[in-house]
Amino acid sequence: MQLLDDHLLSLLAGAQHVMVLTGAGMSAESGIPTFRDAQTGIWTKYRAEDLATPEAFTANPGLVWQWYEERRNTVRKASPHAGHQALVMLEALVPGMSVITQNVDGLHQLAGSKNVTELHGNILRSKCHITGRSISADWLTDSPHVPPPSPYVNQGYARPDVVWFGEVLPHEALAAAMDAAGRCDFCLSIGTTSLVQPAASLPVMALENGAALVEINPLETPLSLHAGQCLRGPASLVLPGVVQQLAEWKRDPDHCPRL
Ligand code: OAD
């Protein structure tokens, strides 16, 4: 398994704030399909315009709700893997860390990561499609309708609390992500094609502010060119390896700063 080179390992060991950006590849080994991987990616089987836009929901709310219900069922059955656990350990090894995720499955929080920002919402939450107000799970289970009606306004429906194409990201989440990108000194980009904005800009922003950048992805992406190192392997293997490297580095007195 490919590991961090000594220079980047020393930068990680000395980092004050680590920003971790994750994408669908982070959840792939938990059994949640990615979007753009050949053959298995969601957008290779379905058209995003038909299912993941406000217009698609207005045109056919039942179809969209049902499609998300299938994805919710997959997410409900999923558990974090060794890569998610490694990020929890990493949080304990560095002074500050932010996990910024494009994933909507809540697996980082389930694993125990504390400082998680969800850029694209959470598929297990729902909200009114007109007012945007949050709708409780109890209200949804009690409804026989597809989609359940909104408790707030006539003609409103429940919709998944995720960001669809053409929608803006939640303001607070984006502000937290930009803050992390601005002040981190080490950035890990994991399991993302780095194609969807504004998430794709965050590692570039970190780099421009002087942070070291490492990519973890079995495949090349547009970000690879800018990374100090690309670790080509699955997150569940590479991340535990990197965290073990860091733990060993910190345990070795030869690596402690000398007076
Ligand atoms: P993509 O599906 O575009 O990319 C997944 C990336 O994960 C690819 O680069 C894969 O090579 C990589 N990958 C696959 N398996 C992996 C593994 N085991 N370990 C590490 N990496 C692996 O997913 P995102 O980049 O997250 O947006 O997509 C960004 C956004 O596009 C999503 O959040 C979603 C989608 O449309 C919304 O829903 C708003």
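Structure shown above.
Here the residue index of a chain counts from 1 through its sequence in written order. For a predicted model such as this one, the threshold for reporting local features is a pLDDT of at least 70, and the threshold for listing and counting side-chain atom pairs is 80 or more; totals across whole chains, interfaces and linings nevertheless cover every residue. Calculated side-chain values reflect all of the structure's heavy atoms, with hydrogen atoms and water omitted.

(A) Region of the structure containing the overall build of the protein. When you go through the protein residue by residue, the secondary structure sums to twelve helices and nine strands. Radius of gyration means the value over C-alpha atoms here, while the globule rule gives 2.2 Å times the residue count to the 0.38 power. Its C-alpha atoms give the protein a radius of gyration of 20 Å, within 12% of the compact-globule value 18 Å for 259 residues. By principal-axis analysis of the C-alpha atoms, the protein measures approximately 70 × 35 × 30 Å. Counting only carbon and sulfur atoms, one obtains 54% of the accessible surface of the protein, whose full area is about 12,600 Å². Charge assignment in this entry is limited to Lys and Arg as positive and Asp and Glu as negative, and neither His nor the chain termini are counted. Taken as the charge location is NZ of Lys, CZ of Arg, CG of Asp or CD of Glu. The distance from the centre of the 17 positive side-chain charges to the centre of the 25 negative ones in the protein is 4 Å. Only DSSP runs of H or I with at least four residues qualify as helices, and only runs of E with at least two residues qualify as strands; both kinds are numbered from the N terminus onward. Per-residue accessibility takes into account occlusion by the displayed protein chains alone, with areas from the Shrake-Rupley method and a 1.4 Å probe.

(B) Region of interest: the site of the ligand. Whether a residue is near a molecule or strand depends on its heavy atoms: if one lies within 4 Å, it is near. In the neighbourhood of the ligand, 23 residues make up the surrounding shell, with F35, R36, T192, T193 and N217 lying closest. Here a polar contact is recorded for every N or O atom pair within 3.5 Å, except that within protein the pair must consist of a potential hydrogen donor and a potential acceptor, and residues adjacent in sequence are included only if both atoms are side-chain atoms. In this structure, G25 approaches the ligand through a main-chain N or O atom, which is 3.5 Å from a nitrogen atom. Within the backbone of F35, an N or O atom sits 2.7 Å from an oxygen atom of the ligand. Summarising the interface, the protein chains cover 93% of the accessible area of the ligand, which totals 790 Å² for the free molecule.

(C) Structural view of the environment of I42. Structurally, I42 is set in helix 3 (residues 42–45). Residues I42 and I32, ten residues apart in the sequence, show an inter-C-alpha distance of 9.8 Å. Should any heavy atoms of two residues lie within 4.5 Å, those residues are considered in contact. Not counting chain neighbours up to four residues away, the residues in contact with I42 comprise P33, T34, F35, W67 and R71.

(D) Quick peek at the side chain of Q245. Positionally, Q245 belongs in helix 12 (residues 235–251). Among residues more than four places away in sequence, those in contact with Q245 are L3, L4 and L9.

(E) Geometry of the pairing of strand 8 (residues 212–216). To sort residues, take the accessible area from a 1.4 Å probe on protein chains only and compare it with the maximum for the residue type: under 20% means buried, over 50% means exposed, and anything in between is partly exposed. Taking burial as the measure, the five residues of strand 8 include five buried ones, the bulk of the element. Going residue by residue along strand 8, you find A212, V214 and I216 tucked away on one face and L213 and E215 tucked away on the opposite face as well. In this scheme, strands are said to pair when DSSP sees at least two bridges between them. Looking at chain direction, strand 7 (residues 186–190) and strand 8 are connected through five bridges and run parallel. Following the sheet pairing, C187 is matched in strand 8 by L213. Two strands pair when backbone bridges link them, and strand 8 and strand 9 (residues 229–231) are joined in this way by three bridges, in the parallel orientation. What sits directly across from I216, in strand 9, is L231.

(F) Just the packing of aromatic side chains, in detail. The pairing test for Phe, Tyr and Trp rings, Trp by its six-membered ring, is centres within 6.5 Å, and the orientation test on the planes gives stacked under 30 degrees, edge-to-face over 60, and tilted for anything in between. Taken as a whole, this structure holds eight aromatic pairs when the rule is applied. With 6.3 Å between their ring centres and 85° between their planes, F57 and Y157 make a pair best called edge-to-face. Residue F57 is located in helix 5 (residues 54–59), and its partner Y157 is located in the loop between helix 9 (137–141) and strand 6 (158–162); the two are separated by 100 residues in the primary sequence. For F57, a relative accessible area of 2% translates into the label buried. Every member of this aromatic cluster is reached through a ring pair, and the members are F35, W43, Y46, F57, W67, Y68, Y157, W164 and F165. R72 extends its terminal NZ or CZ atom over the ring of W65, reaching a point 4.1 Å from the ring centre. In this arrangement the basic side chain of R159 is found over the ring face of W164, its NZ or CZ atom lying 3.7 Å from the centre. Put simply, a charge is over a ring when the Lys NZ or the Arg CZ is close to the ring centre, within 6 Å, and near the line of the ring normal, within 35 degrees.

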